[in-house]
Amino acid sequence: MNLLIMGLPGAGKGTQAAKIVEEFGVAHISTGDMFRAAMANQTEMGRLAKLFIDKGELVPDEVTNGIVKERLAESDIAEKGFLLDGYPRTIEQAHALDETLKALDIKLDGVINIEVNPESLVERLSGRFICRSCGSTYHKVFNPTKVEGTCDVCGGHEFFQREDDKPETVKRRLDVNIAQGEPIIAHYRELGLVSDIQGNQDIDDVFADVKKAIAAIK
Ligand code: ADP
Ligand code: ADP
Ligand code: ZN
(Lines give C-alpha, C1' and ligand atoms only; values in the text may rest on other atoms or scores of the structure.)
(Ligands and ions follow the chains in the order given, each with its own letter.)
Protein backbone atom coordinates (compact mmCIF):
# COMPACT_ATOMS: atom_id res chain seq x y z
CA MET A 1 0.00 0.00 0.00
CA ASN A 2 1.34 3.40 -1.02
CA LEU A 3 0.14 6.45 0.89
CA LEU A 4 0.73 10.15 1.44
CA ILE A 5 0.07 11.92 4.71
CA MET A 6 -0.60 15.65 4.43
CA GLY A 7 -1.33 18.49 6.82
CA LEU A 8 0.12 21.78 8.03
CA PRO A 9 3.21 21.85 10.27
CA GLY A 10 2.07 20.52 13.64
CA ALA A 11 -1.05 18.79 12.29
CA GLY A 12 0.27 15.46 13.59
CA LYS A 13 1.72 13.89 10.43
CA GLY A 14 4.81 12.49 12.11
CA THR A 15 2.83 11.26 15.13
CA GLN A 16 0.28 9.43 12.98
CA ALA A 17 2.96 8.25 10.54
CA ALA A 18 4.77 6.38 13.33
CA LYS A 19 1.52 4.57 14.19
CA ILE A 20 0.67 3.80 10.56
CA VAL A 21 4.15 2.38 9.97
CA GLU A 22 3.87 0.18 13.06
CA GLU A 23 0.40 -1.09 12.13
CA PHE A 24 0.80 -1.55 8.38
CA GLY A 25 4.56 -2.16 7.93
CA VAL A 26 5.04 0.41 5.17
CA ALA A 27 8.30 2.37 4.80
CA HIS A 28 8.17 5.85 6.36
CA ILE A 29 9.66 8.46 4.06
CA SER A 30 9.81 11.85 5.77
CA THR A 31 11.58 14.57 3.81
CA GLY A 32 11.92 16.65 7.01
CA ASP A 33 13.65 13.71 8.76
CA MET A 34 15.90 13.16 5.73
CA PHE A 35 16.93 16.82 5.75
CA ARG A 36 17.55 16.80 9.52
CA ALA A 37 19.73 13.69 9.18
CA ALA A 38 21.70 15.35 6.37
CA MET A 39 22.12 18.50 8.50
CA ALA A 40 23.29 16.46 11.50
CA ASN A 41 25.82 14.65 9.29
CA GLN A 42 26.84 17.97 7.72
CA THR A 43 26.65 16.64 4.19
CA GLU A 44 26.72 19.12 1.31
CA MET A 45 22.96 18.65 0.81
CA GLY A 46 22.40 19.14 4.56
CA ARG A 47 24.29 22.43 4.54
CA LEU A 48 22.24 23.64 1.58
CA ALA A 49 18.94 22.55 3.16
CA LYS A 50 19.81 24.32 6.42
CA LEU A 51 19.87 27.70 4.65
CA PHE A 52 16.16 27.31 3.89
CA ILE A 53 14.94 25.31 6.87
CA ASP A 54 16.31 27.78 9.43
CA LYS A 55 14.23 30.54 7.83
CA GLY A 56 11.07 28.43 7.59
CA GLU A 57 11.31 28.39 3.78
CA LEU A 58 11.00 25.32 1.59
CA VAL A 59 14.12 23.57 0.29
CA PRO A 60 14.27 24.00 -3.52
CA ASP A 61 12.16 21.51 -5.48
CA GLU A 62 15.01 20.00 -7.49
CA VAL A 63 16.86 19.00 -4.30
CA THR A 64 13.74 17.62 -2.62
CA ASN A 65 12.47 15.80 -5.71
CA GLY A 66 15.90 14.21 -6.13
CA ILE A 67 16.10 12.69 -2.65
CA VAL A 68 12.54 11.34 -2.83
CA LYS A 69 13.12 9.82 -6.24
CA GLU A 70 16.27 8.06 -5.02
CA ARG A 71 14.51 6.72 -1.95
CA LEU A 72 11.46 5.46 -3.86
CA ALA A 73 13.73 3.54 -6.25
CA GLU A 74 15.20 1.46 -3.39
CA SER A 75 14.18 -2.19 -3.37
CA ASP A 76 12.24 -2.28 -0.06
CA ILE A 77 9.60 0.11 -1.40
CA ALA A 78 8.16 -2.30 -3.96
CA GLU A 79 7.89 -4.97 -1.21
CA LYS A 80 6.56 -2.95 1.73
CA GLY A 81 4.91 0.06 0.15
CA PHE A 82 5.47 3.54 1.52
CA LEU A 83 4.05 6.40 3.53
CA LEU A 84 5.36 9.75 2.30
CA ASP A 85 5.27 12.40 5.05
CA GLY A 86 5.90 16.07 4.29
CA TYR A 87 6.10 15.55 0.53
CA PRO A 88 4.81 16.84 -1.87
CA ARG A 89 4.69 20.38 -0.51
CA THR A 90 4.42 22.29 -3.78
CA ILE A 91 2.33 21.54 -6.86
CA GLU A 92 5.58 21.11 -8.82
CA GLN A 93 6.61 18.40 -6.36
CA ALA A 94 3.23 16.73 -6.82
CA HIS A 95 3.79 16.63 -10.57
CA ALA A 96 7.35 15.34 -10.09
CA LEU A 97 6.00 12.61 -7.81
CA ASP A 98 3.42 11.61 -10.44
CA GLU A 99 6.25 11.23 -12.96
CA THR A 100 8.51 9.31 -10.57
CA LEU A 101 5.76 6.86 -9.61
CA LYS A 102 4.84 6.34 -13.24
CA ALA A 103 8.47 5.64 -14.16
CA LEU A 104 8.75 3.12 -11.29
CA ASP A 105 5.36 1.58 -12.13
CA ILE A 106 4.04 2.29 -8.63
CA LYS A 107 0.43 3.27 -7.93
CA LEU A 108 -0.55 5.76 -5.24
CA ASP A 109 -3.43 4.28 -3.22
CA GLY A 110 -4.52 7.14 -1.00
CA VAL A 111 -3.88 10.49 0.65
CA ILE A 112 -4.52 10.98 4.35
CA ASN A 113 -5.27 14.68 4.89
CA ILE A 114 -5.15 15.76 8.54
CA GLU A 115 -7.20 18.92 9.00
CA VAL A 116 -6.59 21.08 12.05
CA ASN A 117 -7.65 24.44 13.24
CA PRO A 118 -4.62 26.69 12.44
CA GLU A 119 -4.92 28.35 15.88
CA SER A 120 -3.86 25.12 17.58
CA LEU A 121 -0.68 24.71 15.56
CA VAL A 122 1.56 27.28 17.24
CA GLU A 123 0.78 25.71 20.60
CA ARG A 124 1.56 22.25 19.27
CA LEU A 125 4.84 23.25 17.64
CA SER A 126 6.10 25.28 20.59
CA GLY A 127 5.59 22.31 22.93
CA ARG A 128 7.06 19.67 20.61
CA PHE A 129 10.17 17.79 21.76
CA ILE A 130 11.97 14.86 20.21
CA CYS A 131 14.04 11.93 21.50
CA ARG A 132 17.69 12.37 20.49
CA SER A 133 18.33 8.65 20.02
CA CYS A 134 15.19 7.34 18.24
CA GLY A 135 13.43 10.46 16.92
CA SER A 136 10.10 9.82 18.67
CA THR A 137 8.02 12.97 19.00
CA TYR A 138 6.32 14.17 22.19
CA HIS A 139 4.50 17.23 23.46
CA LYS A 140 5.00 18.91 26.83
CA VAL A 141 1.26 19.01 27.54
CA PHE A 142 -0.60 16.91 24.94
CA ASN A 143 1.71 13.90 24.68
CA PRO A 144 4.34 13.74 27.44
CA THR A 145 6.55 10.70 28.01
CA LYS A 146 5.04 8.18 30.46
CA VAL A 147 8.03 8.53 32.77
CA GLU A 148 9.39 12.05 32.92
CA GLY A 149 12.72 12.35 31.11
CA THR A 150 12.61 8.84 29.58
CA CYS A 151 11.61 8.01 26.00
CA ASP A 152 8.66 5.54 25.91
CA VAL A 153 10.05 3.88 22.79
CA CYS A 154 13.81 3.49 23.36
CA GLY A 155 14.40 4.47 27.00
CA GLY A 156 16.64 7.36 25.94
CA HIS A 157 17.10 10.31 28.28
CA GLU A 158 18.13 13.07 25.90
CA PHE A 159 15.60 15.23 24.11
CA PHE A 160 15.77 18.30 21.89
CA GLN A 161 13.51 20.97 20.43
CA ARG A 162 13.70 21.70 16.72
CA GLU A 163 15.49 24.93 15.78
CA ASP A 164 12.63 25.78 13.40
CA ASP A 165 9.93 25.37 16.09
CA LYS A 166 10.70 28.77 17.60
CA PRO A 167 7.79 31.24 17.20
CA GLU A 168 9.33 33.52 14.50
CA THR A 169 10.07 30.59 12.19
CA VAL A 170 6.78 28.83 12.93
CA LYS A 171 4.79 31.77 11.60
CA ARG A 172 6.71 31.80 8.33
CA ARG A 173 6.37 28.01 7.96
CA LEU A 174 2.62 28.20 8.42
CA ASP A 175 2.29 31.01 5.85
CA VAL A 176 4.43 29.13 3.31
CA ASN A 177 2.61 25.84 3.80
CA ILE A 178 -0.90 27.34 3.70
CA ALA A 179 -0.08 29.13 0.44
CA GLN A 180 1.43 26.04 -1.22
CA GLY A 181 -0.85 23.33 0.16
CA GLU A 182 -4.27 24.01 -1.37
CA PRO A 183 -3.49 23.17 -5.03
CA ILE A 184 -1.85 19.91 -3.96
CA ILE A 185 -4.92 18.67 -2.12
CA ALA A 186 -7.07 19.81 -5.05
CA HIS A 187 -4.86 17.75 -7.39
CA TYR A 188 -5.39 14.58 -5.33
CA ARG A 189 -9.08 15.30 -4.79
CA GLU A 190 -9.53 15.31 -8.54
CA LEU A 191 -8.03 11.83 -8.58
CA GLY A 192 -10.44 10.74 -5.83
CA LEU A 193 -7.61 9.79 -3.47
CA VAL A 194 -8.17 12.05 -0.45
CA SER A 195 -9.48 10.98 2.97
CA ASP A 196 -10.05 13.97 5.28
CA ILE A 197 -9.31 13.34 8.93
CA GLN A 198 -10.33 15.62 11.81
CA GLY A 199 -7.00 16.34 13.53
CA ASN A 200 -8.33 18.28 16.54
CA GLN A 201 -8.98 15.16 18.62
CA ASP A 202 -6.85 13.07 20.95
CA ILE A 203 -3.98 11.33 19.18
CA ASP A 204 -5.58 7.88 19.56
CA ASP A 205 -8.93 9.09 18.23
CA VAL A 206 -7.20 10.61 15.20
CA PHE A 207 -5.48 7.26 14.63
CA ALA A 208 -8.78 5.37 14.89
CA ASP A 209 -10.12 7.56 12.06
CA VAL A 210 -6.91 7.08 10.06
CA LYS A 211 -7.23 3.31 10.36
CA LYS A 212 -10.85 3.44 9.17
CA ALA A 213 -9.78 5.54 6.17
CA ILE A 214 -6.97 3.11 5.29
CA ALA A 215 -9.28 0.12 5.63
CA ALA A 216 -11.61 1.77 3.13
CA ILE A 217 -8.71 2.23 0.68
CA LYS A 218 -7.40 -1.35 0.76
P1 ADP B 1 6.69 19.64 9.98
O2 ADP B 1 6.73 18.24 10.57
O3 ADP B 1 6.73 20.66 11.06
O4 ADP B 1 5.58 19.79 9.01
P5 ADP B 1 8.96 18.83 8.42
O6 ADP B 1 9.81 18.09 9.39
O7 ADP B 1 8.15 18.03 7.48
O8 ADP B 1 8.05 19.86 9.20
O9 ADP B 1 9.86 19.82 7.56
C10 ADP B 1 10.77 20.70 8.19
C11 ADP B 1 11.35 21.64 7.14
O12 ADP B 1 12.08 20.86 6.15
C13 ADP B 1 10.33 22.43 6.34
O14 ADP B 1 9.96 23.63 7.00
C15 ADP B 1 11.11 22.71 5.04
O16 ADP B 1 12.07 23.74 5.21
C17 ADP B 1 11.89 21.41 4.86
N18 ADP B 1 11.11 20.45 4.05
C19 ADP B 1 10.55 19.28 4.46
N20 ADP B 1 9.87 18.69 3.46
C21 ADP B 1 10.00 19.50 2.39
C22 ADP B 1 9.52 19.47 1.04
N23 ADP B 1 8.74 18.48 0.59
N24 ADP B 1 9.86 20.49 0.21
C25 ADP B 1 10.63 21.51 0.62
N26 ADP B 1 11.10 21.62 1.87
C27 ADP B 1 10.80 20.63 2.74
P1 ADP C 1 3.77 17.26 12.05
O2 ADP C 1 4.65 16.08 11.69
O3 ADP C 1 2.52 17.32 11.23
O4 ADP C 1 4.50 18.56 12.06
P5 ADP C 1 3.81 16.17 14.78
O6 ADP C 1 3.31 14.78 14.64
O7 ADP C 1 5.26 16.36 14.99
O8 ADP C 1 3.25 17.06 13.53
O9 ADP C 1 2.99 16.86 15.97
C10 ADP C 1 3.27 18.20 16.38
C11 ADP C 1 3.19 18.31 17.89
O12 ADP C 1 1.83 18.14 18.31
C13 ADP C 1 3.99 17.22 18.63
O14 ADP C 1 4.50 17.78 19.82
C15 ADP C 1 2.93 16.16 18.92
O16 ADP C 1 3.25 15.40 20.11
C17 ADP C 1 1.67 16.99 19.12
N18 ADP C 1 0.45 16.30 18.63
C19 ADP C 1 0.33 15.44 17.59
N20 ADP C 1 -0.95 15.04 17.41
C21 ADP C 1 -1.68 15.69 18.37
C22 ADP C 1 -3.07 15.69 18.74
N23 ADP C 1 -3.98 14.96 18.06
N24 ADP C 1 -3.44 16.47 19.78
C25 ADP C 1 -2.54 17.21 20.46
N26 ADP C 1 -1.21 17.25 20.18
C27 ADP C 1 -0.77 16.50 19.15
ZN1 ZN D 1 13.64 7.35 21.95
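Read on for a plain summary of the structure. (Residues numbered from 1 in each chain as written. Chains lettered and ligands numbered in written order. Predicted model: local features only at pLDDT ≥ 70, side-chain atom pairs only at ≥ 80, totals over all residues. Heavy atoms only, no water.)

**Here we look at the overall build of the chain**
Secondary structure summary: the chain contains nine helices and eight strands in total. Against the globule reference of 17 Å for 218 residues, the chain gives a C-alpha radius of gyration of 17 Å, in line with a compact fold. In terms of overall dimensions, the chain has a C-alpha envelope of 45 × 40 × 35 Å along the principal axes. The burial tally for the chain puts 45% of its 218 residues in the buried class. (Helix = DSSP H or I, 4+ residues; strand = E, 2+ residues; numbered from the N terminus. Rg over C-alpha atoms; globule rule 2.2 N^0.38 Å. Buried < 20%, exposed > 50% of the residue type's maximum accessible area, 1.4 Å probe, protein only.)

**Here's the deal with the packing of helix 1 (residues 13-24) against helix 9 (residues 203-217)**
Between helix 1 and helix 9, whose axes approach to 10 Å, the crossing angle comes to 50°. One way to sum up the angle between helix 1 and helix 9 is to call them oblique. For helix 1 against helix 9, the interelement crossing comes out right-handed. Note on element contacts: helix 9 touches helix 1 through Ile203, Asp204, Val206, Phe207, Val210, Lys211 and Ile214, opposite Thr15, Gln16, Lys19, Ile20, Glu23 and Phe24. Counted by class, the contact of helix 1 with helix 9 contains seven nonpolar, two polar and four charged residues. (Axes fitted to C-alpha atoms, helices over the stretch in contact; angles between N-to-C directions. Parallel < 35°, antiparallel > 145°, perpendicular 65-115°, else oblique. Left-handed = near helix turned anticlockwise from the far one by under 90°. Contact = heavy atoms within 4.5 Å. Nonpolar A, V, L, I, M, F, W, Y, C, P; charged D, E, K, R; others polar.)

**Comments concerning the site of ligand 2**
In the vicinity of ligand 2, 20 residues are found, and the nearest of them are Lys13, Thr15, Arg128, Tyr138 and Gln201. Arg128 places a side-chain nitrogen or oxygen 2.6 Å from an oxygen atom of ligand 2. Within the complex, 93% of the 570 Å² of free accessible area of ligand 2 lies under protein. Listing elements by their share of the shell around ligand 2, those giving two or more residues are helix 1, strand 6 (137-139) and helix 9. Here the shell around ligand 2 is built from residues that sort into seven nonpolar, nine polar and four charged. (Near = heavy atom within 4 Å. Polar contact = N/O pair within 3.5 Å; in protein donor to acceptor, adjacent residues only side chain to side chain. Areas by Shrake-Rupley, 256 points an atom, 1.4 Å probe, with all protein chains shown as cover.)

Nothing here speaks to function; it is geometry throughout.
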